[in-house]
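# An overview of the molecular structure
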Amino acid sequence: MACATWLRSSSLSHALLPILCHRTSLSTTLRRFHRLSSTDRFVPYGNRFKNPLMAVHAQAKRGFSLKEDEVATPADLYFEAPLKIVEYPDPILRAKNKRIDTFDDNLKKLVDEMFDVMYKTDGIGLSAPQVGINVQLMVFNPVGERGEGEEIVLINPRVNKYSKKLVLFNEGCLSFPGIYADVERPESVKIDARDITGARFTVNLSDLPARVFQHEFDHLQGTLFFDRMTDEVLDSIRAELQALEKKYEDKTGFPSPERIKTRKLRKVAAGFGKS
Ligand SMILES: [Zn+2]
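For clarity, every value in this text was computed on a predicted model and none was experimentally measured.

### A word on the coordination of the zinc ion
For the zinc ion, every protein donor is listed as C173 (SG), H215 (NE2) and H219 (NE2), and the spread of their distances is 2.0 to 2.1 Å. As a motif over one chain, the donors of the zinc ion read C-x41-H-x3-H. One end of the pair, C173, is in the loop between β4 (166-172) and β5 (180-186); the other, H219, is in helix α4 (residues 207-220), with 46 residues separating them in the sequence. You'll find C173 and H219 in the same group, each marked buried.

Quick look at the structure:
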């Protein structure tokens, strides 16, 4: 999730990752295959369920993934620093994100790199799929400054409870550079997750931390912030989304895997789970 002062710097620091380097060729091949196959299997918004949890289930049934709780392999967690932000409409943002069950040094390095790129792009939250790693991991710091506020790492998070009270907030997203619009979400959430050591914990979040968490949690379900916008709000950023689609096509040579133009009109934003 982006804060209001978007994109101060695009230069990223370098860090080396010797672990798993021998997997480079295999993982690169797998990633290429994954990108293409997830494009082929993309489910247009109009065909998706309003409830993102149901959407995930539906994707699993369609063969998008064999199991809802598929566990990430070392190849799934392989990365090269510096990480780069994946922008809409890259199908990586809609792909299934696997559960993490290995809490090792590689995971700690990935988390460090995610915080690094988050701070350098003026973000306050970042999910793993946004840096091309399709696993259930998010980091955030509502203050958005290294050394200030609290750095929060959530692995395999689940929402136990949403508040009934909904609030509007002008959201940005690092995968949608420069685009901001109002999104309505529950004011508070009760969640459980694992920390970087694998320990389970439960926490109640409200206000901005709840907002950032829900935005990043959506990423882990393949849901993007504009999926939750009303048509009226969406109209205010439609041209900017189409510009990103064009940018993707120019860069990759592939047709955009989704188009905001074909999104079905609807009266209410996507629903939430338990409340
Ligand atoms: Zn985002």
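Next comes the rest of the account.
### Let's talk about empty space enclosed by the protein
For the coordinates displayed, the defined rule picks out two cavities of 30 Å³ or more. The volume enclosed by the second largest cavity comes to roughly 40 Å³. What lines the second largest cavity is Y162, R185, Q214, F217, D218, R228 and F272. Sort the elements by how many residues they give to the lining of the second largest cavity and α4 lands first, with three residues.

### A look at the pairing of strand β6 (residues 188-194)
What you see with β6 is a clean split: V189, I191 and A193 sit on the buried side and S188, K190, D192 and R194 on the side with no burial. Across five bridges, strand β3 (residues 152-162) lies against β6 in antiparallel orientation. Paired with K161 across the two strands is K190, which belongs to β6. Both β6 and strand β7 (residues 200-206) contribute to a ladder of seven bridges, which runs antiparallel. Within β7, the position partnered with A193 by the bridge is F201. Connecting β6 to the next strand, β7, in antiparallel fashion are five residues, including G198 with a positive phi near 95°.

### Observations concerning the pattern of salt bridges
Under the counting rule described, the total for this entry stands at 16 salt bridges. The residue K246 makes a salt bridge to D250 at a minimum N-O spacing of 2.9 Å. With K246 and D250 both in helix α6 (residues 238-252), this residue pair falls four residues apart, about one helical turn. Look at K246 and you get partly exposed, because its relative accessible area is 48%. When its relative accessible area of 54% is taken as the criterion, D250 is described as exposed.

### Details of the confidence of the model for the protein
Mean pLDDT over the protein works out to 79, with 72% of the residues at or above the 70 mark. Across residues 5-66, confidence stays below pLDDT 50; counting only partners more than four residues off in sequence or on other chains, it has 105 contacts.

### A word on the environment of K190
Assignment of secondary structure puts K190 in strand β6. Note: C-alpha distance between K190 and N204 (14 residues apart in sequence) is 4.4 Å. Once residues within four sequence positions are removed from consideration, K190 is found in contact with R158, V159, N160, K161, T202, V203 and N204.

### Section: the sheet that holds strand β2 (residues 137-140)
One open sheet holds the five strands; their spatial order is β1-β2-β3-β6-β7, and the pairing between them is antiparallel. The sheet is open, and its two borders are formed by β1 (125-127) and β7, each paired with just one other strand. Within the sheet, the average angular offset between the axes of one strand and its neighbour, ignoring direction, is 40°. Its contacts with the sheet put helix α3 (residues 105-120) on β1, β2 and β3, and the angle it makes with β2 is roughly 45°. This element, α4, spans β1, β2, β3, β6 and β7 of the sheet and lies at about 100° to β3.

### Examining the side chain of T121
Secondary-structure assignment places T121 in the loop between α3 and β1. Engagement of the side chain of T121 in a polar contact is seen with the backbone oxygen of V117, the distance being 2.7 Å.

### Here we look at the side chain of R94
Relative to the helices and strands, R94 is located in the loop between α2 (52-61) and α3. Residue classification places R94 among the buried residues on the basis of a relative accessible area of 2%. Looking at R94, its side chain comes within polar contact range of the side chain of D227, at 2.7 Å. At a separation of 2.9 Å, a polar atom in the side chain of R94 contacts the side chain of E258.

Conventions we followed
Within every chain, residues take consecutive numbers counted from 1 along the sequence as written. Reporting of local features is limited, given that this is a predicted model, to residues whose pLDDT is at least 70; pairs of side-chain atoms are given and counted only at 80 or more, and all residues count toward the totals for whole chains, interfaces and linings. Derived side-chain values reflect all non-hydrogen atoms in the structure, with water molecules and hydrogen atoms excluded from consideration. Excluding water, the donors of a metal are its N, O and S neighbours within 2.8 Å, or within 3.2 Å for Na, K and Ca, and that exclusion means sites may look incomplete. Every helix listed is a DSSP run of H or I at least four residues long, and every strand listed is a run of E at least two residues long, numbered separately from the N terminus. Throughout this description, buried means an accessible area under 20% of the type-specific maximum (1.4 Å probe, protein chains only), exposed means over 50%, and partly exposed covers the range between. Method remark: on a 1 Å grid restricted to protein atoms, a set of points is classed as a cavity if a 1.4 Å probe fits but cannot get out and as a pocket if it is open with protein on both sides within 12 Å along at least five of seven lines; lining residues have an atom within 4 Å of a point. Grid points are joined across faces, edges and corners, and a volume is the space filled by probe spheres set on the points. Think of it this way: DSSP has to see at least two bridges between two strands before they count as a pair. Salt bridges are counted wherever a side-chain nitrogen of Lys or Arg sits within 4 Å of a carboxyl oxygen of Asp or Glu. pLDDT expresses, on a scale from 0 to 100, how confident the predictor is about each individual residue. Only heavy atoms enter the contact rule, under which two residues are in contact if any of them lie within 4.5 Å. Note on definitions: angles span 0 to 180 degrees between N-to-C directions of axes, and those axes are lines fitted to C-alpha atoms, for helices only across the stretch in contact. Residues adjacent in sequence count toward polar contacts only when both atoms are side-chain atoms; beyond that, a polar contact is any pair of N or O atoms within 3.5 Å, and within protein one must be able to donate a hydrogen and the other to accept it.

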